[in-house]
Amino acid sequence: MKGVNEEDRTEGSPVGRRVVLGMLGLGAAGVAVGASVQDGVSRALAPVGPIGDVLPAAGGFRYYSVTGRVKRRSAATHRVTVGGLVDKPQAFGMADLARFPQTVLERDFQCVTGWRVPDVEWVGVVLADLLDAVGVSPKARAVQFTSFDGVYTESLTLEQARRRDVLVATQMEGKPVTHDHGGPTRLYVAPMYGYKSLKWLKGIKLTEELIPGYWEGLGYDQHAWVGKSNGRDDVPT
Ligand SMILES: Nc1nc2c(c(=O)[nH]1)N[C@H]1C(S)=C(S)[C@@H](COP(=O)(O)O)O[C@H]1N2
Ligand SMILES: [Mo]
């Protein structure tokens, strides 16, 4: 019993995250770029612990927020904007999103720090359908996502973003996505690790270049396929 608890605690701790960073190749980056990168990452990761952004949540999830508490947005007034290299920038409210075909995906949700929640059900609009609605410019090669926490960002190549298992999620486990899980709208990138699934989604921007996200800037893989090697990477050239 004691052993189980201890292991569980280690997975979400700063140590756990550092070990995983090593696995993802940060060790190599540290060697190549110099000690300052490693120091920077350690400092940045220090708040990732019981004090700051890791709270135990129901059903095996942890609530993550690199910014601590985030101000709530009411579903009635919340909008997701889609802009950048598009023909017709638009802001979608919850009622607008509800008019698109709804997709249900049930998958394991996996964080790189080791925790995994089996069979989580998400409902939302396939991101590709939103992209088609605004019309993507031929110059666009990537998509950047921003959060109304004001800090967290993520990105995908346009090819990744057009997969049918990438959603703007509005429901999780049969209910509207809760604030703590990133509602009213959250990105859900089913084939990748949890850090790609940006919470409190407010902006979707088509870009020419792939702009690394929050954790990528700290050494995480841009292409975070679960259970696949980097052989599937498809960086735009
Ligand atoms: N805005 C924002 N999105 C985020 C994060 C975050 O800190 N801030 N953490 C990411 C990570 S590392 C994981 S594993 C999942 C965790 O989702 P949860 O908080 O709903 O459990 O959210 C991802 N999206
Ligand atoms: Mo994560």
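Residues numbered from 1 in each chain as written. Chains lettered and ligands numbered in written order. Predicted model: local features only at pLDDT ≥ 70, side-chain atom pairs only at ≥ 80, totals over all residues. Heavy atoms only, no water.

Another aspect to go through is the confidence of the model for the chain. On average, residues of the chain carry a pLDDT of 81, and 72% of them reach 70 or more. Taken as a whole, residues 1-16 scores under 50 in pLDDT and shows 14 contacts with residues more than four places along the chain or in a different chain. Confidence over residues 18-52 falls short of pLDDT 50; this stretch has 39 contacts with residues more than four positions distant or in other chains. (pLDDT = per-residue confidence, 0-100. Contact = heavy atoms within 4.5 Å.)

Another point: the site of ligand 1. Contacts to ligand 1 come from 21 residues, most closely from Arg62, Tyr64, His181, Arg186 and Lys199. Residue Ser197 places a main-chain N or O atom 3.1 Å away from a nitrogen atom belonging to ligand 1. In the complex, 100% of the free accessible area of ligand 1, which totals 530 Å², lies under the protein chains. Ranked by residue count, the leading element in the shell around ligand 1 is strand S2 (residues 62-64), at three residues. Among the residues forming the shell around ligand 1, the class breakdown is 11 nonpolar, five polar and five charged. (Near = heavy atom within 4 Å. Polar contact = N/O pair within 3.5 Å; in protein donor to acceptor, adjacent residues only side chain to side chain. Areas by Shrake-Rupley, 256 points an atom, 1.4 Å probe, with all protein chains shown as cover. Helix = DSSP H or I, 4+ residues; strand = E, 2+ residues; numbered from the N terminus. Nonpolar A, V, L, I, M, F, W, Y, C, P; charged D, E, K, R; others polar.)

Here we come to the side chain of Asp149. Checked against the element boundaries, Asp149 lands in the loop between strand S7 (142-147) and strand S8 (153-157). Lys202 is the oppositely charged side chain nearest to the buried, salt-bridge-free Asp149, at an N-O distance of 8.0 Å. When near neighbours in sequence (up to four residues on either side) are disregarded, Asp149 contacts Thr67, Val70 and Trp200. (Buried < 20%, exposed > 50% of the residue type's maximum accessible area, 1.4 Å probe, protein only. Lys, Arg positive; Asp, Glu negative; His and termini not counted. Salt bridge = Lys/Arg side-chain N within 4 Å of Asp/Glu carboxyl O.)

In space, the five strands of this open sheet follow the order S4-S3-S12-S7-S8, with mixed pairing throughout. Of all the strands in the sheet, the pair left with one neighbour each is strand S4 (90-92) and S8. Strand-to-strand twist of the sheet, defined as the mean angle between neighbouring strand axes without regard to direction, takes the value 20°. Sheet analysis places S7 next to S8, joined by five bridges and oriented antiparallel. For Val143, the partnering residue across the bridge sits in S8 and is Leu156. Seen against the sheet, helix H6 (residues 127-134) touches strand S3 (80-84), S4, S7 and strand S12 (201-207) and runs at an angle of roughly 140° to S4. (Pairing = 2+ DSSP bridges. Axes fitted to C-alpha atoms, helices over the stretch in contact; angles between N-to-C directions.)

Right, let's get into the pattern of salt bridges. It is possible for side chains of opposite charge to pair when their charged atoms get near one another. Scanning all chains against the criterion turns up eight salt bridges. Note that Arg163 is salt-bridged to Asp165, the shortest N-O span being 2.8 Å. Using a relative accessible area of 25% as the deciding quantity, one classes Arg163 as partly exposed. For Asp165, a relative accessible area of 12% translates into the label buried. Each of Arg107, Arg163 and Asp165 takes part in a single network of salt bridges with overlapping partners.

Here the focus is the nonpolar core. If you look at the biggest cluster of nonpolar residues, it comprises 35 residues, and the most contacted ones within it are Leu127, Leu130, Leu131, Phe145, Tyr195, Ile204 and Leu206. Of all the elements in the fold, those that place two or more residues in this core are S3, H6, S7, helix H7 (158-161), strand S9 (166-172), strand S11 (186-189) and S12. Among the elements that take part in this core, H6 stands out by supplying four residues, more than any other. With 18 residues, the next largest nonpolar core counts Tyr64, Val117, Val177 and Ala190 among its residues. (Core = buried A, V, L, I, M, F, W, Y, C linked by side-chain atoms within 4.5 Å.)

On to the side chain of His179, then. Following the sequence through the fold, His179 ends up in the loop between strand S10 (175-176) and S11. A polar atom in the side chain of His179 sits 2.8 Å from the backbone oxygen of Val70. If sequence neighbours within four positions are ignored, His179 has contacts with Val70, Lys71, Arg72 and Trp200.

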